[in-house]
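# Chain and residue survey
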Amino acid sequence: MPLEPTPDVLRLHPDGDGAEELMLVQVTRFKCGSLAVGHTIHHAVADGRAACNFLLAWGQATRGAAFDPVLAHDRASLFLPRQPPRVAFEHRGVEFKPREEKKPGRRSDVAVVDNDDELVVQRVRFSREFVAELRSRASAGAPRPYSTLQCVAAHLWRCITKARGLDAREITRLCVAVDGRMRMRHPPVPEGYTGNVVLWARPAAAAGDLVSMPLRLAVELISREVARVDDSYFRSFIDFASSGAVEEERLVPSADSSETVLSPDVEVDSLLHAPFYDLDFGGGPPFFFMPSYLSVEGTVFIVRSFSGDRSMDAYVPLFRRAMDTFNKCCYSLAMADARL
């Protein structure tokens, strides 16, 4: 069983290339009696929490147990646009962008990348003590402690930016997923909703400023942008997406699944609160969980470690040329208060 993020992991994962299905599952059985469950779900219809809810329900069904959380599918009543629409925020250039006409001979983002450099996905383990100290330093002087995710995300954002060697004036954005189940109130979204309720917070800074500022200022920047994506923002997005403006202006989603290099930006996907440890098909909980190998530079997954010591793992894809610098700063608490 491959336990490190290498291309070998893809052998345990269903190949979705060209598939029209919304979900694919692959079960791989080993001679020792263990099994691996690999799955992929189209993010247009399901987010990470919905995928986890599905797997939990599947395990509960095999054991004859009641569904917990209770699954909900009523998308229409949960996301009704208001009448009249009240678009209070700008969604053009954020969730939507103008359709780009492809011109003959235009090179893709992949083509301009140094083909001699290798993309490496590295698993970084942060101990419980490291995370606690990082959070303490990042929250110094704040009215209340910042969340663990925001502190770790800010730390990784700074280290990745330093490792890339960006021009000091280049703008880098951190894309942080915000779950509407925790934000929407009128009406509230059930915990067991099996759809997609994620929008993105996008704090931004010049690369030179980001690596020069102390960690606490980077966390403050993230916290402020995450707080802005509240119930009113979600409702404004629903109203705009349903207003007809998307079709009239030929807008398309700003998220581009074909991108393989996010630099200068970083995307952080957190599965810290996904209860994968509760998954049970009748043979007990899993002994290991990891995101599948995703060779997209700058897309970071953060999960709880299955080591049992309350540490966490971050899966960080970067070009090999950046890894030495990244490793020198990502495990250093001194870097939290210093210029990188």
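Below you will find a few notes about this structure. (Residues numbered from 1 in each chain as written. Predicted model: local features only at pLDDT ≥ 70, side-chain atom pairs only at ≥ 80, totals over all residues. Heavy atoms only, no water.)

## Some thoughts on the overall build of the chain
Tallying secondary structure elements over the chain gives nine helices and 11 strands in all. Taken over the C-alpha trace, the chain has a radius of gyration of 21 Å; the compact-globule value for 340 residues is 20 Å, and the two agree within 12%. Oriented by its inertia axes, the alpha-carbon framework of the chain measures out at about 60 × 55 × 55 Å. Burial statistics for the chain: of 340 residues in total, 43% are counted as buried. Nonlocal contacts in the chain, meaning residues at least 24 apart in sequence, comprise 75% of its contacts between residues at least 6 apart. Carbon and sulfur atoms make up 52% of the accessible area of the chain, which totals about 18600 Å². Averaging the positions of the 41 positive and the 45 negative side-chain charges in the chain gives two centres separated by 4 Å. (Helix = DSSP H or I, 4+ residues; strand = E, 2+ residues; numbered from the N terminus. Rg over C-alpha atoms; globule rule 2.2 N^0.38 Å. Buried < 20%, exposed > 50% of the residue type's maximum accessible area, 1.4 Å probe, protein only. Contact = heavy atoms within 4.5 Å. Areas by Shrake-Rupley, 256 points an atom, 1.4 Å probe, with all protein chains shown as cover. Lys, Arg positive; Asp, Glu negative; His and termini not counted. Charge placed at Lys NZ, Arg CZ, Asp CG, Glu CD.)

## Digging into a nonpolar patch on the surface
Taken together, the side chains of L22, M23, V25, V27, L35 and V45 define a hydrophobic patch exposed on the protein surface, amounting to about 450 Å² of accessible area. Sorting elements by how many residues they give to the nonpolar patch places strand β1 (residues 23–29) first, with three residues. Accessibility expressed as a relative area gives 33% for M23, which makes it partly exposed. (Patch = residues over 30% accessible without salt bridge, like charges linked within 9 Å, V, L, I, M, F, W, Y side chains within 5 Å. Salt bridge = Lys/Arg side-chain N within 4 Å of Asp/Glu carboxyl O.)

## As for empty space enclosed by the protein
Scanning the entire structure with this criterion turns up one cavity of 30 Å³ or more. Size it by volume and the largest cavity reaches roughly 60 Å³. Along the walls of the largest cavity sit P5, V121, P291, S292, Y293, L294, T299, F301, Y315 and P317, which together make up its complete lining. Secondary-structure elements contributing two or more residues to the lining of the largest cavity are β10 (299–304) and β11 (312–319). The residue inventory of the lining of the largest cavity, partitioned by class, reads eight nonpolar, two polar and no charged. (1 Å grid on protein atoms, 1.4 Å probe; cavity = no way out; pocket = protein on both sides within 12 Å on 5 of 7 lines; lining within 4 Å. Points joined across faces, edges and corners; volume = space filled by probe spheres on them. Nonpolar A, V, L, I, M, F, W, Y, C, P; charged D, E, K, R; others polar.)

## With respect to the pairing of β11
Most of β11 sits inside the fold, with eight of its eight residues counted as buried. Two strands pair when backbone bridges link them, and strand β4 (residues 119–126) and β11 are joined in this way by eight bridges, in the antiparallel orientation. Residue F126 lies in a different strand from β11, and its bridge partner there is M312. (Pairing = 2+ DSSP bridges.)

## Considerations on the layout of surface pockets
Within this model, the second largest pocket holds a volume of roughly 280 Å³. Every residue lining the second largest pocket is listed: P143, R144, P145, Y146, S147, Q150, R183, S223, V226 and A227. By residue number, the principal contributor to the lining of the second largest pocket is helix α6 (residues 215–228), which donates three residues. Residues that form the lining of the second largest pocket fall into these classes: five nonpolar, three polar and two charged.

## A look at the pattern of salt bridges
For the structure on display, the rule yields 16 salt bridges. E133 is the salt-bridge partner of R137, the closest N and O atoms lying 2.9 Å from each other. Of the two residues, R137 and E133 are both situated in helix α3 (residues 128–138); the distance of four residues between them amounts to about one turn of the helix. Using a relative accessible area of 27% as the deciding quantity, one classes R137 as partly exposed. Across the salt bridge formed by D179 and R181, the nearest N and O atoms sit 3.0 Å from each other. Exposure remark for D179: the relative accessible area of 23% places this residue in the partly exposed category. The class of R181 is buried, set by a relative accessible area of 8%. Several salt bridges converge on common partners, so that one network encompasses D47, D179 and R181.

## Digging into helix α1 (residues 48–63)
With 16 residues, α1 should cover 22 Å at 1.5 Å per step; its first-to-last C-alpha distance of 23 Å lies within 8% of that length. What α1 keeps buried is the set A50, A51, C52, N53, L55, L56, A57, G59 and Q60. Where α1 is buried, its residues meet β2 (35–41). Of the residues that open α1, the one with a side-chain oxygen 3.3 Å from the backbone nitrogen of R49 is D47. Count one or two residues on from α1 and you reach G64, which has phi positive near 75 degrees. (Expected span 1.5 Å × (residues − 1). Polar contact = N/O pair within 3.5 Å; in protein donor to acceptor, adjacent residues only side chain to side chain.)

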